[in-house]
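# Summary of structural features
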Amino acid sequence: MSVPWAKSPCILYIKGLPLIPIHFKQIAMSTHRTIHSKILNLRLSLNSFPILSQKIRQRMRQELFVRGIIAPNVFEEEVEIKSIESQKMEGLTDPFYQESEEIWQKRLAHVRDNLTDFYFAYNLPQSLFEEIVESAVNENRNGQPSKVVLAFNPELTPWNLLFAQAEKYAAYPPELYENVKHHLMSIVVVLIKGLVSDHLAFVHVARKFITIFDLREIRVHRIGRGKIGGKAAGMILAYNILDRPELEDEVDLSSYIALPETHFLGSDVYYNFKEINNFEQFSSQKYLTREEIEREYPRILKAYLSGNFPKDITQKLQDLLEDIGNCPIIVRSSSLLEDNFGSSFAGKYDSYFLANQGTLEENLAALLEAIVKIYASVLTPDALFYRQIHGLDDYDERMAILIQKVQGKRYGNYFFPMLAGVGFSRNPFIWNNKLRREDGFLRIVLGLGTRAVDRVSRDYPRMIGLSHPQIRPEKSARDIIRYSQQFVDVIDLSEGVLKSVPVSEVLSTDFPGFQHFASVDEGDYVKPIFSLGSEIAPENLILTFDNLLKNTDFVKIMKTILKKLERHYRRPVDIEFTVELIPGYPKPGFKIYLLQCRPLSNRDWDPNIVVPQTIPKDDQVFTSHHIVPQGVVDRIKYIVYIDPKRYIQTQDNAIRLELARVVGRLNKQLEGEVFILMGPGRWGSSNPDLGVKISYADIYNTRMLIEIAIPRNGANPELSYGTHFFQDLVETNIFPLALFPEDAATVFNKPFFDQAINKLSSFLPRDSDFADYVKVIDVSQASKGNLLRVVMSADQSEALAYLCRYENNEL
């Protein structure tokens, strides 16, 4: 409560100790007596500590100022006015000559103290005064605390005061820091919850690593108010964990890790944007059906793109672009739900690369459009349906934004990093029994990391089991060449667009460090590059990364990063990163730029699973020996089977796209049943030629997603472990499995699939026209009362699906 000017005191005498301000008569008598009593108590207490009285009053004034009771300049102006009034009442007619400077300063000090007492007594509780006194009394002779009482509630205190007090605590010498570290943590936790994330699982880890100085940097680089979101939170926490050396580390990571230059658009700006454009009308979209959400979204996106941005934010973004200059940037989502413990939202919200090569006005327009599209992506069907599935639809999602310089260098007209990828602290798939799951897994590419995290057509990043990086999933030279990266994602600076170009267009013997990335295609074998100097045609270079993995410290660094993050998160994690290769002898150096870190769902890993070897041939439905996960799926009642040959034979993409919708409708109809999906090529491919173009919302109820290879068409299962699509499967405990029917070692009981009755029309009568493509098999009906069981052993690199009978819930 602010004090009206009429209720402020005028001091009468410089030598006395006046207790009654002259304007007290304007206050109600009961209030008069109460304040009079409080001032008496204050002064009696202060008289007990004559040495500390000034220090106590300084802190009393600080409380008045930071709480907004009175501004410092207004307070000092009143001190001067009241001092002049007291001169007049003492009969001084010419104070400049009648009173020395020394007396004038004493008068000011006396009035200042009395005003302090009055304002404090009128506005603040006695308990706060007692806390201030206790804090001052506990201070030692050096002015540092031997015992400190926090004189304010951090949850209610203005941030400026919190930052000032926390930085003061953080600067104490070690012997005194011990007495205030708990107060410092209390302030840091409040600021983390207000500025970064209020998810308690995150806060519990972050409070040990994020410092008050980190928080100040975040605040300095934030535009607008609100939190910076989950993606930003995970990135900053991971960096601070890795930057702190520990005895358990195989490598001191502090010299290897870095963050890209990052700026934040606070989550409250999202609210401001919606408010000024009346977009709150779309907030209830999350409660519509999927069909309604899909129908409405194009209209919502159009409305968002025509919306206006807050003017003050627009100006700050323009200032930011001026500071950044013509450097490519990426605009990334960072919602409050993203990268959270238990729900990662991997790939659900959009991010945009911007070449940033135009005029300031053009660059600003592109940046604003990217931000608005990210805001609109909160309402995409995939995002809303993901929230419904995970029970998050009642949460009021808020979107913050990351604006980062793209890490990389210019090569001709193209801009891209040397290396980018995704890393898992636990290897999700063991393709050789020598691999150790706990040592982690990488999926890396040359160029922008989009090819590492997204499913792309006819291309393959390098997969690495970090325990034995030289052991590849591919067995032959032909497969190594075939499953190597074919295209590089780059930012074309001349055209101002993101594009994919052939590897041979950027990789040559002139490319810096090419010998660490490339090998030579010799037709029937792949030859490492042992020395420099010889000319090799670009089309004969293939990306194997063999020398990088064998002859540098890259593997050791990445293993240490992933193990350390898992140790402190206390659960598996994945990261996204880019790599700068620094020339050096005898080995190059590295700078690893962290882009993202998120905790993963920890799927149970039963090491005792063994594939049975005595199952009769007639009861075997299929087997697989190619990158097998670890797990068992019991009591499978239905198989949704898309006939690979029929799918490939049709050239009508409209039919192919509708097949994806049929799968989605079956997914809904079979909710609560145990079923698996089997189909050609790559489930979830953006190219219908290579597989069924479904999304996560079409398949979330299935227990397995089985990809059947069709070699003659090239629609082969992709080694996609590590993509956003794969992360969706992990979170909902869906097992992916690749099936190669034409492999001599594979069992594929085609008569079982051909002869089974198609139950599609029983579930979806209106989709009976697609019965030639989609078959729903009732396993029990097709096998005289049996159900299907799938046993998968990563250690044996074998999976077996077989028919069996369950009696009284037992095999």
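Values in this document were obtained by computation on a predicted structure and should not be read as measured data.

Another point: the overall build of the chain. In terms of helices and strands, the chain carries 29 helices and 27 strands. Going through the 811 residues of the chain one by one, you find that 56% of them count as buried. Taking contacts inside the chain between residues at least 6 apart in sequence as the whole, the part at least 24 apart equals 74%.

Looking now at helix α13 (residues 267-276). For α13, the set of buried residues is Ser267, Val269, Tyr270, Phe273 and Lys274. Viewed along the axis of α13, the buried residues span an arc of 150 degrees, placing them on a single side of the element. The exposed set on the far side of α13, more than 90 degrees from its buried face, consists of Glu275 and Ile276. Tucked into the core, α13 has its buried residues touching β1 (222-223), β3 (262-265), α14 (290-305), α15 (311-324), α16 (360-377) and β6 (399-405). Just downstream of α13, Asn278 is the residue with a positive phi angle, here 60 degrees.

Turning next to the packing of aromatic side chains. Across all of its chains, the model carries 29 aromatic pairs by this definition. With 5.7 Å between their ring centres and 55 degrees between their planes, Phe273 and Tyr304 make a pair best called tilted. Of this pair, Phe273 sits in helix α13 while Tyr304 sits in helix α14, placing them 31 residues apart in sequence. For Phe273, a relative accessible area of 0% puts it in the buried group. Each ring, one from Phe748 and one from Phe753, has its centre 5.1 Å from the other, and the planes form 10 degrees; the classification is stacked. In this structure, Phe748 and Phe753 share a single accessibility class: buried.

A few words on the nonpolar core. Membership of the largest hydrophobic core comes to 95 residues, with the highest contact counts inside it found for Leu215, Phe554, Ile561 and Leu565. Beyond its immediate sequence surroundings of up to four residues, Ile561 is in contact with Leu242, Leu253, Ile257, Ile575 and Ile592. Formed by 39 residues, the second largest nonpolar core is a distinct cluster that contains Ala303, Leu317, Leu321 and Leu364.

Let us now look at helix α25 (residues 653-669). Given 3.6 residues per turn, any residue in an α-helix points the same way as the ones three and four places further on. Between the first and last C-alpha of α25 there are 24 Å, a value that for 17 residues agrees with the 24 Å anticipated at 1.5 Å per step. Along α25, the residues classified as buried are Arg656, Leu659, Ala660, Val662, Val663, Gly664, Leu666 and Asn667. Buried residues belonging to α25 abut β21 (638-642), α24 (644-649), β22 (675-680), α28 (760-763) and β25 (774-778). The opening residue of α25, the one whose side-chain oxygen lies 2.9 Å from the backbone nitrogen of Ala654, is Asp652.

What follows deals with the sheet that holds strand β7 (residues 409-411). Strand order in the open sheet made by the four strands is β7-β8-β12-β13, with antiparallel pairing throughout. A strand with exactly one partner marks an edge of an open sheet, and here the two such strands are β7 and β13 (497-502). Going across the sheet, the axis of each strand differs from the next one's by a mean of 45 degrees, ignoring polarity. Bridge count between strand β12 (residues 487-492) and β13: six bridges; the pairing is antiparallel. The residue of β13 that forms the bridge with Ile491 is Leu498.

Strand order in the open sheet made by the three strands is β15-β14-β16, with antiparallel pairing throughout. Edge positions in the open sheet fall to β15 (526-528) and β16 (541-543), since each of these has one partner strand only. Looking at each pair of strands side by side, their axes are set apart by 45 degrees on average, direction ignored. With three bridges connecting them, strand β14 (residues 518-521) and β16 associate as antiparallel partners. Each bridged residue has a counterpart across the sheet, and for Ser519 the counterpart in β16 is Ile542.

The subject of this paragraph is the confidence of the model for the chain. With 86% of its residues at a pLDDT of 70 or more, the chain shows a mean pLDDT of 84. Within the model, pLDDT remains below 50 along residues 1-31, and this stretch shows 68 contacts once partners closer than five positions in the same chain are excluded.

By the element assignment, His182 lies in helix α9 (residues 181-195). Along the primary structure His182 and Leu150 are separated by 32 residues, whereas in three dimensions their C-alpha atoms are 9.8 Å apart. A distance of 3.4 Å separates polar atoms of two side chains, one belonging to His182 and the other to His183.

Right, let's talk about the pairing of strand β26 (residues 787-793) for a bit. For β26, a buried count of seven out of seven residues is recorded, marking the element as mostly surrounded by other parts of the structure. Burial of the side chains of β26 extends over both faces: Leu787, Arg789, Val791 and Ser793 are buried on one face and Leu788, Val790 and Met792 on the other. Here strand β20 (residues 631-636) runs beside β26; their pairing, made up of four bridges, is antiparallel. If you follow Ile636 over to β26, its bridge partner there is Leu788. Bridge count between β26 and strand β27 (residues 798-804): seven bridges; the pairing is antiparallel. Bridge pairing in β27 places Arg789 opposite Tyr802. Where β26 hands over to β27, the hairpin turn is made up of four residues, of which Ser797 adopts a positive phi near 50 degrees.

Right, let's get into the packing of α9 against helix α11 (residues 212-220). For the pair α9 and α11, interaxial distance at closest approach is 10 Å and the crossing angle is 25 degrees. Here α11 runs roughly parallel to α9, going by the angle between their axes. The hand of the α9/α11 crossing is left-handed. The residues of α11 that touch α9, namely those facing Val188, Leu191, Ile192 and Leu195, are Ile212, Leu215, Ile218 and Arg219.

Our next topic: the pattern of salt bridges. Within the structure shown, the criterion is met by 38 salt bridges. Close ionic contact of Glu280 with Lys274 constitutes a salt bridge, the shortest N to O distance being 3.8 Å. Of the residues examined, Glu280 reaches a relative accessible area of 38% and is grouped as partly exposed. Among the salt bridges present, the one from Arg451 reaches Asp489, with a minimum N-O distance of 2.8 Å. Note that Arg451 is positioned in helix α18 (residues 450-453) and Asp489 in strand β12, a separation of 38 residues in sequence. Residue class for Arg451 comes out buried when judged on its relative accessible area of 6%. The exposure class assigned to Asp489 is buried, which follows from its relative accessible area of 6%.

Note that Ser197 resides in the loop between α9 and α10 (200-206). Residue classification places Ser197 among the buried positions, given a relative accessible area of 6%.

With that out of the way, let us pick up the packing of α14 against helix α17 (residues 381-389). One can describe the packing of α14 onto α17 by two numbers: an axis separation of 9 Å at closest approach and a directional angle of 150 degrees. Relative to α17, the element α14 is oriented roughly antiparallel. The chirality of how α14 crosses α17 is right-handed. Taking contact as the criterion, the partners of Arg290, Ile293, Glu294 and Tyr297 in α14 are, on α17, Pro381, Leu384, Phe385 and Gln388. A class-by-class count of the residues in the contact of α14 with α17 yields five nonpolar, one polar and two charged.

Cis geometry is adopted by the peptide bond preceding Pro586, which originates at Tyr585 and carries an omega value of 5 degrees. Its place among the elements puts Pro586 in the loop between β17 (573-582) and β18 (589-599). Of note in the backbone geometry, Arg635 takes a positive phi value of approximately 55 degrees without being a glycine.

It is worth spelling out the pairing of strand β10 (residues 441-445) at this point. Each regular strand carries side chains that alternate between the two faces of the sheet. With respect to burial, β10 is a largely interior element, five of its five residues being buried. The side-chain alternation of β10 yields two buried faces, one formed by Phe441, Arg443 and Val445 and the other by Leu442 and Ile444. As defined by bridge partners, strand β9 (residues 419-424) adjoins β10 across five bridges and the pair is classed as antiparallel. Residue pairing for β10: Gly423 is matched across the bridge by Leu442. Relative to strand β11 (residues 462-465), β10 runs antiparallel, the two sharing four bridges. Along β11, the bridge assignment pairs Ile444 with Arg462.

Thresholds, definitions, all that
- Residues numbered from 1 in each chain as written.
- Predicted model: local features only at pLDDT ≥ 70, side-chain atom pairs only at ≥ 80, totals over all residues.
- Heavy atoms only, no water.
- Helix = DSSP H or I, 4+ residues; strand = E, 2+ residues; numbered from the N terminus.
- Buried < 20%, exposed > 50% of the residue type's maximum accessible area, 1.4 Å probe, protein only.
- Contact = heavy atoms within 4.5 Å.
- Arc of directions from axis to C-beta.
- Phe/Tyr/Trp six-rings, centres within 6.5 Å; stacked < 30°, edge-to-face > 60°.
- Core = buried A, V, L, I, M, F, W, Y, C linked by side-chain atoms within 4.5 Å.
- Expected span 1.5 Å × (residues − 1).
- Polar contact = N/O pair within 3.5 Å; in protein donor to acceptor, adjacent residues only side chain to side chain.
- Pairing = 2+ DSSP bridges.
- Axes fitted to C-alpha atoms, helices over the stretch in contact; angles between N-to-C directions.
- pLDDT = per-residue confidence, 0-100.
- Parallel < 35°, antiparallel > 145°, perpendicular 65-115°, else oblique.
- Left-handed = near helix turned anticlockwise from the far one by under 90°.
- Salt bridge = Lys/Arg side-chain N within 4 Å of Asp/Glu carboxyl O.
- Nonpolar A, V, L, I, M, F, W, Y, C, P; charged D, E, K, R; others polar.

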